[in-house]
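# Structural overview
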Amino acid sequence: MQKLAQSWLVLQISNSPFLLGLDAFLGEIPILLFSLLGGVVADRRDRRHMLLASQVVQMSCAFLLATLVALRVVQVWHILCLSFVVGLAQAFGGPAYQALIPSLVSIENISNAIALNSIQFNLARVIGPVLGGIALTKLGASWCFALNGASFVAVIVSLLAIRLPFTPGAGGASVLASMAQGLDFVRRHPVMPSLVALAFAMTMLGVPLIVFLPVFARDVFRQGPGTYTLLLSTYGAGSIAGALTVAALGNVKHKGRIALGFLVSLGATMAAFSLAGLLPVSCVFLFFAGASLVSVFSLVSSLVQEIAADAMRGRVMSVYNVAFRGGMPVGSLITGSLVPHFSAPVVLAANGALLSVLGIYLLAARKRLVSS
């Protein structure tokens, strides 16, 4: 709900696709800058307490933005600053969140757990835009932000109810030495560098599809918030279908090969969505793009979780998180800079073509990744 209202609000206030991309950039760049530090902390402190602090910060930002909009004093720089603060909270909460999953389920159920986690996340992505579209058109943007703030109460209560079997120790090495240990583990592993590079490229080229849906709704299809809601909901429905597919596969062999197949599919359906020009046809391709993106994410994440030892998990997941989340601001900023010159359909179609080429290359050249 917040993302829908915030993206539309930025575009409405500024009429600038670049500022829309900059907002996404500022929300993600703290993850690139601070996730490694967050991973070290996650291996030294109670991960549940880290997540609680992250949720409180994000809740406060949502309520503050709701107040600014309700008082009619909101400016673009307010939104950009709050996006950065939320990203900073997620930089510390993200590694702790990802490191918690193996503490709650056995290693053989990791792939299924990640897929189920993707289902609840993307179910919210379907329901949120529908409710957000209603709230945005009937009540205004401030209600979207206020309801998002209220939703954190449920998350905080859930975290307080969790009892973890593993709590990280304080650790004897310095913060920098602990970071170096995590980076060295990733660098020396035969598959991890490819997984990290894949995560970065996937989000740099694939996630701008979601960020620039408002531009497609307004400038390509000549519609308003209702069409933007439809596009977000279609993407979310595809994401759920992709997560269900991965969950049904279970602890399947050759996850790397399957993930690369979905990467090729993601690129092809992105390009087709961008160039279709007709809303019903574009929605079909957007559905399959959402399914492909979540399938790649679920399979790659499960491979990383299977590789990482519990004592090192926070740092390994933070490196992966830097790549996965760090690709988002870079892609949003580059895409936002190119769209005014070449148009959103052309730029997103080029992104899709690059993803398909990358998938085909990795299938042919990275045998260890394919066989993993």
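In this report, we go over the structure that sits alongside the text. Throughout, residues of each chain are indexed from 1 in the direction in which the sequence is written. The model is predicted, so local features are restricted to residues of pLDDT at least 70 and side-chain atom pairs to those at 80 or more, both for listing and for counting; the totals for chains, interfaces and linings are taken over all residues. No hydrogens and no water enter the side-chain calculation; it runs on all heavy atoms of the structure.

What follows covers the overall build of the chain. Check the secondary structure of the chain and you find 16 helices and 0 strands. Within these notes, the globule rule equals 2.2 Å times the number of residues to the 0.38 power, and the radius of gyration is based on C-alpha atoms. Taking 372 residues into account, the globule formula puts the C-alpha radius of gyration at 21 Å, and the chain, at 20 Å, falls close to it. Seen through its principal axes, the chain has C-alpha atoms that stretch 55 × 45 × 35 Å. Each residue is placed in one exposure class: buried if its accessible area under a 1.4 Å probe, protein chains only, is under 20% of its type's maximum, exposed if it is over 50%, and partly exposed if it falls in between. Evaluated residue by residue, the chain yields a buried proportion of 56% over its 372 residues. Two residues form a contact once any of their heavy atoms are found within 4.5 Å. A fraction of 86% describes how many contacts in the chain between residues 6 or more apart in sequence connect residues 24 or more apart. Accessible area for the chain stands at about 15100 Å²; split by element, carbon and sulfur atoms hold 70% of it. Secondary structure elements are defined from DSSP: runs of H or I of at least 4 residues count as helices, runs of E of at least 2 residues count as strands, and each element is numbered from the N terminus. Each accessible area is a Shrake-Rupley result for a 1.4 Å probe, and residues are judged covered by the shown protein chains and nothing else.

This brings us to the pattern of salt bridges. A pair is scored as a salt bridge if a Lys or Arg side-chain nitrogen falls within 4 Å of a carboxyl oxygen belonging to Asp or Glu. The tally for this structure, following the rule as stated, stands at 3 salt bridges. Aspartate 184 serves as the salt-bridge partner of arginine 187, at 2.6 Å between the closest nitrogen and oxygen. Within this pair, arginine 187 and its partner aspartate 184 are both found in helix H7 (residues 175-188), separated by 3 residues, close to a single helical turn. Residue class for arginine 187 comes out exposed when judged on its relative accessible area of 55%. Judged by its relative accessible area of 27%, aspartate 184 is partly exposed. Ionic pairing is found between aspartate 219 and arginine 218, a salt bridge with its closest N-O pair at 2.9 Å. Under the relative-accessibility criterion, aspartate 219 is labelled partly exposed at 29%. Taking the relative accessible area as the measure of exposure, arginine 218 reaches 25% and is therefore partly exposed.

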